[in-house]
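Given next are the chains, with one letter for each unit.
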Amino acid sequence: MVDRRQFLKALGVATASGVVGGSVKRCLAMAQRQGDGRPPNVILVMTDDQGYGDLGCLGNPIIQTPHLDALYRQSVRLTDFHVGPTCSPTRASLMTGRYCNRTGVWHTVMGRSLLRRDEVTMADIFAAGGYRTGIFGKWHLGDNYPFRPQDRGFQEVLIHGGGGVGQTPDHWGNDYFDDTYWHNGVPEKHSGYCTDVWFDGALRFIEANRDRPFFAYIATNAPHSPFHVAEKYRRLYAGQDVPNANFYGMITNIDENMGRLRSRLRTLGLEENTILIFMTDNGTAAGFRGGKGFNAGMRGTKGSEYDGGHRVPCFLRWPAGGLGGGKDLDRLTAHIDLLPTLMEICRLPQPAGVTLDGASLVPLLRDAAAHWPDRVLVTDSQRLEHPQKWRQSAVMTDRWRLVNGKELYEIRVDPGQKNDVSGRHPEMVEKLRRAYEEWWASVSPRFDEYCEIVLGSDRENPACLTCHDWHGGDLPPWDQTHILKGQQANGFWAVDVAQAGEYEFALRRWPKEADQPINAALPGGQAIAASRARLVIGDIDLTGPVPAEAKEVVFRTRLEPGKMKLQTWLTADDGASRGAYFVYVRRIPIHARAALRPIVS
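No experiment lies behind these values; they were computed from the predicted model shown. (Residues numbered from 1 in each chain as written. Predicted model: local features only at pLDDT ≥ 70, side-chain atom pairs only at ≥ 80, totals over all residues. Heavy atoms only, no water.)

> Break down the overall build of the chain for me, with residues and values.
A tally of regular secondary structure across the chain gives 13 helices and 26 strands. For a compact globule of 601 residues, the expected C-alpha radius of gyration is about 25 Å, and the chain comes in at 24 Å, within 12% of that figure. Projected onto its principal axes, the C-alpha coordinates of the chain cover approximately 70 × 55 × 50 Å. Across the 601 residues of the chain, 62% fall into the buried class. Across the chain, the fraction of contacts at a sequence separation of at least 24, relative to all contacts at a separation of at least 6, is 71%. (Helix = DSSP H or I, 4+ residues; strand = E, 2+ residues; numbered from the N terminus. Rg over C-alpha atoms; globule rule 2.2 N^0.38 Å. Buried < 20%, exposed > 50% of the residue type's maximum accessible area, 1.4 Å probe, protein only. Contact = heavy atoms within 4.5 Å.)

Right under this line is the structure:
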């Protein structure tokens, strides 16, 4: 394993031109059509839980998406484009060009949504190539150092916490309207609807960097649940034969923002030399239910190993580079291909020692009939602490889908995956099973490793740990509604103590911004009756009382550097117990130790 710092050092000296050969020359010509030699800007828009069928241009007869429909008509469309069946796995692969399973990310919670610290990201590479980098919206690859976007190459950051607005790591009480989001690591109050806020931030970033190359990653949390949207958007679909009017309304709001983005690019004179990519992160979550809605004839929705769970739209437009014109590219492609493609087009540095799983699509983008070798791709949905072989998996080629190692579908003649032909083609089943075995052997060696949250680093001190990232046990309380109910659950954090010293641990049921006693109930929630608190970190085991009105129980101890497990308990006299959902950890500077407050407050 090579340290990521070595990767980043290498990024400054190794260039893609020394790696991908003659195809870069074609890209240089494409990039220089503006006349000034400036490489293209890149805007990557990815929505959350919007499926292939949740667009008018892809056949949905009800949904109103005129701006995305126009982009579709002007783009190269990847019609057999695949991602992970859920949020974080897709984001890990998109950011690294590597299968998510090898990056430490195969779930959306339980500490398995944290992108390994030695992975090099798309933002790292763009930044090393002289681009300004910004993210707006959903990250979902870690909320603590060294996993935050500002730790992974993004220079401008405006995000919510966790996997969605209102989830446990998010600012308490956020509900999509007039929320508090993290702007470059600092909580900041915003006015307006979440999607509008993300696009507003991206437009400010674009305008501020109009005279230099930029990479803007706009990753909306919409239309992910909870399905909150202004009434005017819901009314568009109320009473129509749709499974969820709010879900459709959220997409129409996204569409309006896409129109606003494109209009601003034209006004700024940036549209011609900007690569604009639109995609989604997995199959539909609420656009096809109980026979209602539209799923483009596919089987499965979000989380499924069938195509409806992971085949998504992907549109690419770059007028100055000749990408557009409403052309379909029907070869098998995936999220892991976008990073190598952009590296080649934008002449970005090639990180030494990093093996990408994706392939540059430049040959196909230039000529859809170009020679393109047959390939086998794999996607799966684990959603477990420890991955299981063959679990909810799809082995894919241009022609075939092997599902769960058993079912075989000829996808071009059976896009709905209704007819299992494994009995008629045993040789193909065996061939694809061998490909999966090779893939599994490649991605699995580090499955037993944890992605440790670093404590005591100068980059984040104090740090707020949330139960979203608990390992072990059952599904943790990942949403604020679970905290309100006082869910009885527990688990441990995998941590890495960066520096020796005195550390303070404040155990809380409610985050600091809620400012409530541990045992109190908030509106819509339940009180608890914790009387004892316990903290175990490494071989240190500390206990103390929970006073009636205490908002936190504070423990202090000396720690030495190293990796260890951290777990807490809040226990009532009747034995009912749960972990502290929020733990604030601070390395105490030497000069501050004389002014320490009482242990319990």
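> Explain the sheet that holds strand β13 (residues 377-380) residue by residue, including any values.
Sheet architecture is open: 4 strands sit in the order β13-β14-β15-β16, paired in antiparallel fashion. Of all strands in the sheet, those with a lone pairing partner are β13 and β16 (407-410), marking the two edges. Across the sheet, the mean angle separating the axes of adjacent strands is 20° when strand polarity is ignored. Relative to strand β14 (residues 393-396), β13 runs antiparallel, the two sharing 4 bridges. By the bridge assignment for β14, V378 is matched with V395. Taken strand by strand, helix α12 (residues 426-443) contacts β13, β14, β15 (400-403) and β16, and its axis lies near 65° from that of β15. (Pairing = 2+ DSSP bridges. Axes fitted to C-alpha atoms, helices over the stretch in contact; angles between N-to-C directions.)

> Before we move on, can you summarise the environment of D458 with the specific residues and values?
Mapping D458 onto the fold places it in the loop between β17 (453-455) and β18 (463-466). Measuring from C-alpha to C-alpha, the distance between D458 and D175 comes to 32 Å, with 283 residues separating the pair along the chain. Once residues within four sequence positions are removed from consideration, D458 is found in contact with Q499 and R587. At a separation of 2.6 Å, a polar atom in the side chain of D458 contacts the side chain of R587. (Polar contact = N/O pair within 3.5 Å; in protein donor to acceptor, adjacent residues only side chain to side chain.)

> Which residues make up the confidence of the model for the chain, and what values do they have?
When pLDDT is averaged along the chain, the result is 93, and 92% of the positions lie at 70 or above. Confidence, read as mean pLDDT per element, is least for helix α2 (residues 23-31) in the chain (39) and greatest for strand β1 (residues 41-47) (99). Counted against residues more than four places away or in other chains, residues 12-35, with its pLDDT under 50, gives 43 contacts. (pLDDT = per-residue confidence, 0-100.)

> Could you give me a rundown of the nonpolar core, with the residues and numbers involved?
Membership of the largest hydrophobic core comes to 51 residues, with the highest contact counts inside it found for L94, M122, F126, F154, F215, Y217 and M279. Every residue in contact with F215, bar those within four places of it in the chain, is listed here: V42, L44, M122, A123, F126, Y131, R132, T133, G134, F154 and F205. Membership of the second largest hydrophobic core comes to 49 residues, among which are L55, Y72, Y233 and Y248. (Core = buried A, V, L, I, M, F, W, Y, C linked by side-chain atoms within 4.5 Å.)

> Please set out the environment of A576 residue by residue, giving values where relevant.
With respect to the helices, strands and loops of the structure, A576 is situated in the loop between β24 (562-572) and β25 (577-578). In sequence terms A576 and G308 are 268 residues apart; their C-alpha atoms lie 42 Å from each other. For A576, the residues in contact, after removing those within four places along its chain, are Q488, L570 and T571.

> Break down the pairing of β14 for me, with residues and values.
What you see with β14 is no split at all: S393 and V395 on one side and A394 and M396 on the other are buried throughout. Two elements, β14 and β15, share 3 bridges in a ladder whose sense is antiparallel. Residue V395 lies in a different strand from β15, and its bridge partner there is L402. Counting the residues between successive antiparallel strands, the hairpin from β14 to β15 contains 3 residues.

> So what about helix α8 (residues 245-267)? Which residues, and what values?
With 23 residues, α8 should reach 33 Å at 1.5 Å per residue; the first-to-last C-alpha distance of 33 Å fits that figure. Burial analysis of α8 places 17 of its 23 residues in the buried class, which makes it a mostly covered element. Two to three positions downstream of the cap, the backbone nitrogen of N246 sits 3.0 Å from a side-chain oxygen, assigning the N-cap of α8 to N244. Note on α8: the residue one or two positions beyond its end, G269, has a positive phi of about 75°. (Expected span 1.5 Å × (residues − 1).)

> Break down unusual backbone geometry for me, citing the residues and quoting the values.
Between S225 and P226 the backbone carries a cis peptide bond, its omega angle lying at 0°. Tracing the sequence through the fold places P226 in the loop between β7 (214-219) and α7 (231-235). At the junction of N461 and P462, the peptide bond is cis and its omega measures out at 10° in the coordinates. Residue placement: P462 occurs in the loop between β17 and β18. Phi is positive for N184, close to 50°, though the residue is something other than glycine. Positionally, N184 belongs in the loop between β5 (180-183) and β6 (186-189). Backbone geometry places Q417, a non-glycine residue, at a positive phi of 50°. Given the relative accessible area of 1%, Q417 is considered buried.

> How would you explain the pairing of β24 if you had to name every residue and give the values?
The pairing of strand β19 (residues 492-497) with β24 spans 6 bridges and is antiparallel. Of the residues in β24, the one forming a bridge with W493 is L566. As paired strands, strand β21 (residues 530-537) and β24 are joined by 7 bridges and run antiparallel to one another. Paired with L535 across the bridge in β24 is T568. Hairpin connection from β24 to β25: 4 residues lie between these consecutive antiparallel strands, with G575 at a positive phi of about 95°.

> Tell me about the packing of helix α3 (residues 66-73) against α8, and please be specific about residues and values.
Two elements in contact, α3 and α8, have axes whose closest approach is 7 Å; the angle formed by their N-to-C orientations is 55°. By the angle between their axes, α3 is oblique relative to α8. Two secondary-structure elements touch here, α3 through P66, H67, L68, A70 and L71 and α8 through D255, E256, M258, G259 and R262. Looking at the contact of α3 with α8 residue by residue, the class counts come to 5 nonpolar, 2 polar and 3 charged. (Parallel < 35°, antiparallel > 145°, perpendicular 65-115°, else oblique. Nonpolar A, V, L, I, M, F, W, Y, C, P; charged D, E, K, R; others polar.)

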